[in-house]
Amino acid sequence: MIRKLLIANRGEIAVRIARTCREMGIEVVAVHSSADRDSEVVRLADIAVNIGPPAPRRSYLNIPNIVEAALQTGADAIHPGYGFLSEDPDFAEICESAGLTFIGPPPSVMQDMGNKATARGLMQQAGLPMLPGVVEPVRSVGDGQEIAADIGYPVIIKAAAGGGGRGMSVVHSAADFSEAFVSTREVARAIFNDPAVYVERYLAGARHVEVQVLCDQYGNGVFLGERDCSLQRRHQKLLEEAPAAHMTVAQREHLGALAVRGALSVGYTGAGTMEFLVDGSGEPYFMEMNARIQVEHPVTEMLTGIDLIREQILIAEGLPLAFGQQDVRCSGAAIECRINAEDPARGFAPTPGRLDVYRAPAGPWTRLDTGYREGDQVSPHYDSLLAKLIVWAPTRDQALSRMDRALAEMAVDGPGLSTTVTLHRALLRHPDIRADRHDVQFLDREMPSLLASAAEIHQQGPRVPSLTADVVCAVPAPAEPIRLRGITPRHTIEEVTPA
Amino acid sequence: MTANNTIPSRNGDAPGAAALRPTSDNPESMLDLRQEVAELARTLPGDLRRIRVRGGDREIEVEWADQVRTLESVVDQRTTAHPGGTGHLTTAVSPPIVDDAFTEVRAPLVGCYYAAPSPGAEPFVRVDDEVEAGTTVAIIEAMKLMNPIVAGESGVVAEVLVSNGESVEYDQILLRLRRKEQAA
């Protein structure tokens, strides 16, 4: 039984976790750096402990201080959130040996999933579809060229220890292979301290579709629908949505079943995400597994009504899943926009500074997860995620309109501060996105026109026309209702008919 | 508490580990090292099980015997001293002192504060004691490692703000020192 939980994170995810703890009657211990001593989670927590100076290496990554803070405050569990120590098997192990329940999978499973090559090998054994390529790290340029010729160009060279979109290069012809191979290895060595790379077929025009799974400690697993996260800038997600409406219901159910099979085959427990690339015909290929809660988890929460942090905690306590696959109902459509303190016009350079104006949107089915309040400083020491804006609606078109309305309500301003808000409004207006026919390269390809469109929206200010029926009518309604396993949607057809 | 009492100190993250490093400038001298380790073993509180000294990256790992009785009794003292739990951690940061006649000794890490080298022993310092830069004024136990806390400059102890066995957070003020010039 978890009575007091330490949150080893900051910002919106720390606040998010604290809220569920509050609802469950669990006491909250917040740990913070000196820069975050007046942050929102510190205000919400029962106990707050300063664990070090602003630099993450000396605070949020400082394992001795975090574990000691847990022991001194009498916490019985640690939730790592995402980023920081969330995928560090050593941290998970140290927590366990200190008698603290780590909210996450067993350290050995985390270790296996953390290495892309190992994870690919295990998932291939479990029968998951793989892109043509190799599982083992490629040792030399010669070996790599042979493999690339075998699987056919274009290929992608990926760092085995990679993540966050760094350490991968696409090669279109044999002539470019050698240079790309050497440079990717160098990048992998520099960033991840591990030069191992592998080579696989590169899919053009693919979608990024990921499945949220929950597994308990007794071999039960369910999937909570999927999320489409194809809108990425240099492999950094910007906008996520669910369901992946471009796939058929049968394809989505098949994908979910594959994900659960893969997760259970390695003894995974807790909340996890299986990431796939899906080609134009809906065929999935396994990419990697994320052994933690993800930034975009609220999309799934809105779609299913299931609190993922709560489920993580219950599973870590050793409780069996309280529901089976047939009880998981996905209804409607949900979208999340990441509001970052970045200037899209300057290559997404972070814009730290003071939030002189910071007003959250509200209204029907509108959720804002943030760790900041008006007047707070956005520190240059941490990532630039200010807030996540999530909306739900019975249909995708309605959700797009609702998101645009909510973005228009959001007010963020401060000296030197820029955000991704107007870029999101430009995205929502793009015909390819409205028609759900974009792919994972869309953002990088269309960025110049999107930035121009965002600048126009910014100039128009309050006179920007809202996204309504005329655009909705231009897009055909989805051929199939959005649901899983033949469950009747909670919302009737009358409600969803556009005017 | 667990069976595993050994937590190696990490480079840079545990200032106490640095303070425990042999001060000898001649690491080849085994005799010096032996004396240093013997001295360390004598001064460390609690029942020691093992001390490991590594030359290369200069690391000292101390392992205490299981069920460190001496520490437990101190921990008990803490819980009775603060029946309301450990909420005092939130109010730990005192406002900065404007008077530059004073200087502070702050906690460089999170842990448990001990005023004396062992339970029942004389405290390292009391109010009105004179300290030099480098004088050990307290110990903070973290991850089963005893980290000596030293004064950054010389002065006279004006105030001790933490009681024995209390939990401290990073940057918390432990002691105030009156600067020497003023005291003289």
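Residues numbered from 1 in each chain as written. Chains lettered and ligands numbered in written order. Predicted model: local features only at pLDDT ≥ 70, side-chain atom pairs only at ≥ 80, totals over all residues. Heavy atoms only, no water.

The subject of this paragraph is the overall build of chain B. Of regular secondary structure, chain B possesses four helices and ten strands. Listing each helix as α and each strand as β along chain B from the N terminus yields α-α-β-β-α-β-β-β-β-β-β-β-β-α. Within the span of chain B, comprising 184 residues, buried residues form 39% of the whole. Of all intrachain contacts in chain B linking residues separated by at least 6 positions in sequence, the fraction that spans at least 24 positions is 61%. Carbon and sulfur atoms make up 51% of the accessible area of chain B, which totals about 9700 Å². (Helix = DSSP H or I, 4+ residues; strand = E, 2+ residues; numbered from the N terminus. Buried < 20%, exposed > 50% of the residue type's maximum accessible area, 1.4 Å probe, protein only. Contact = heavy atoms within 4.5 Å. Areas by Shrake-Rupley, 256 points an atom, 1.4 Å probe, with all protein chains shown as cover.)

Residue and element names in this part refer to chain A. In terms of burial, strand β12 (residues 270-278) is largely enclosed, as nine of its nine residues are buried. In terms of strand pairing, strand β9 (residues 207-215) meets β12 through nine bridges, oriented antiparallel. Across the sheet, leucine 214 pairs through a bridge with alanine 271, a residue of β12. Where β12 and strand β13 (residues 284-290) come together, six bridges link them in antiparallel fashion. What sits directly across from valine 278, in β13, is proline 284. From the end of β12 to the start of β13, which pair antiparallel, there are five residues, and glycine 282 there has a positive phi angle of about 90°. (Pairing = 2+ DSSP bridges.)

This part takes up the confidence of the model for chain B. Residues shown with low pLDDT carry predicted positions that ought not to be read at fine detail. Residue and element names in this part refer to chain B. Summarising the model, chain B shows a mean pLDDT of 70, and 54% of its residues fall at 70 or more. Note on residues 1-25: pLDDT under 50 across the span, and 49 contacts to partners over four residues away in sequence or across chains. The low-confidence segment residues 67-93, where pLDDT is below 50, has 43 contacts with residues more than four positions distant or belonging to other chains. Confidence metrics for the complex model read pTM 0.79 and ipTM 0.79. (pLDDT = per-residue confidence, 0-100.)

Before going further, it helps to examine the side chain of arginine 292 of chain A. Residues and elements named next belong to chain A. Mapping arginine 292 onto the fold places it in the loop between β13 and α10 (297-304). Judged by relative accessible area, which is 18%, arginine 292 ranks as buried. Side chain to side chain, arginine 292 and glutamate 87 meet in a polar contact 2.8 Å long. When sequence neighbours within four positions are dropped, the list of residues in contact with arginine 292 reads Gly81, Tyr82, Gly83, Ser86, Glu87, Tyr268, Ala271 and Gly272. (Polar contact = N/O pair within 3.5 Å; in protein donor to acceptor, adjacent residues only side chain to side chain.)

All names here are of chain A. In contact at an axis separation of 10 Å, helix α7 (residues 141-151) and helix α8 (residues 174-192) are set at 135° when each is read in the N-to-C sense. The angle between α7 and α8 places the two elements in the oblique class. Remark: the crossing between α7 and α8 carries right-handed chirality. Counting all contacts with α7, which are made through Val141, Gly144, Gln145 and Ala148, the residues of α8 involved are Ala174, Phe177, Ser178, Phe181 and Val182. (Axes fitted to C-alpha atoms, helices over the stretch in contact; angles between N-to-C directions. Parallel < 35°, antiparallel > 145°, perpendicular 65-115°, else oblique. Left-handed = near helix turned anticlockwise from the far one by under 90°.)

Residue and element names in this part refer to chain A. Across the sheet, five strands lie side by side as β3-β2-β1-β4-β5; this open sheet has parallel pairing. Sheet topology places β3 (47-52) and β5 (101-102) at the edges, where each strand pairs with a single neighbour. Strands β1 (4-7), β2 (27-33) and β4 (77-79) of the sheet are contacted by helix α1 (residues 11-24), whose axis makes an angle of about 170° with β1.

Below, the discussion takes up the side chain of asparagine 9 of chain A. Residue and element names in this part refer to chain A. Tracing the chain through its elements places asparagine 9 in the loop between β1 and α1. The class of asparagine 9 is buried, set by a relative accessible area of 4%. Within the structure, asparagine 9 has its side chain in polar contact with the backbone oxygen of proline 80 (distance 2.8 Å). Here the side chain of asparagine 9 touches tyrosine 82 through a polar contact of 2.8 Å, landing on its backbone oxygen.

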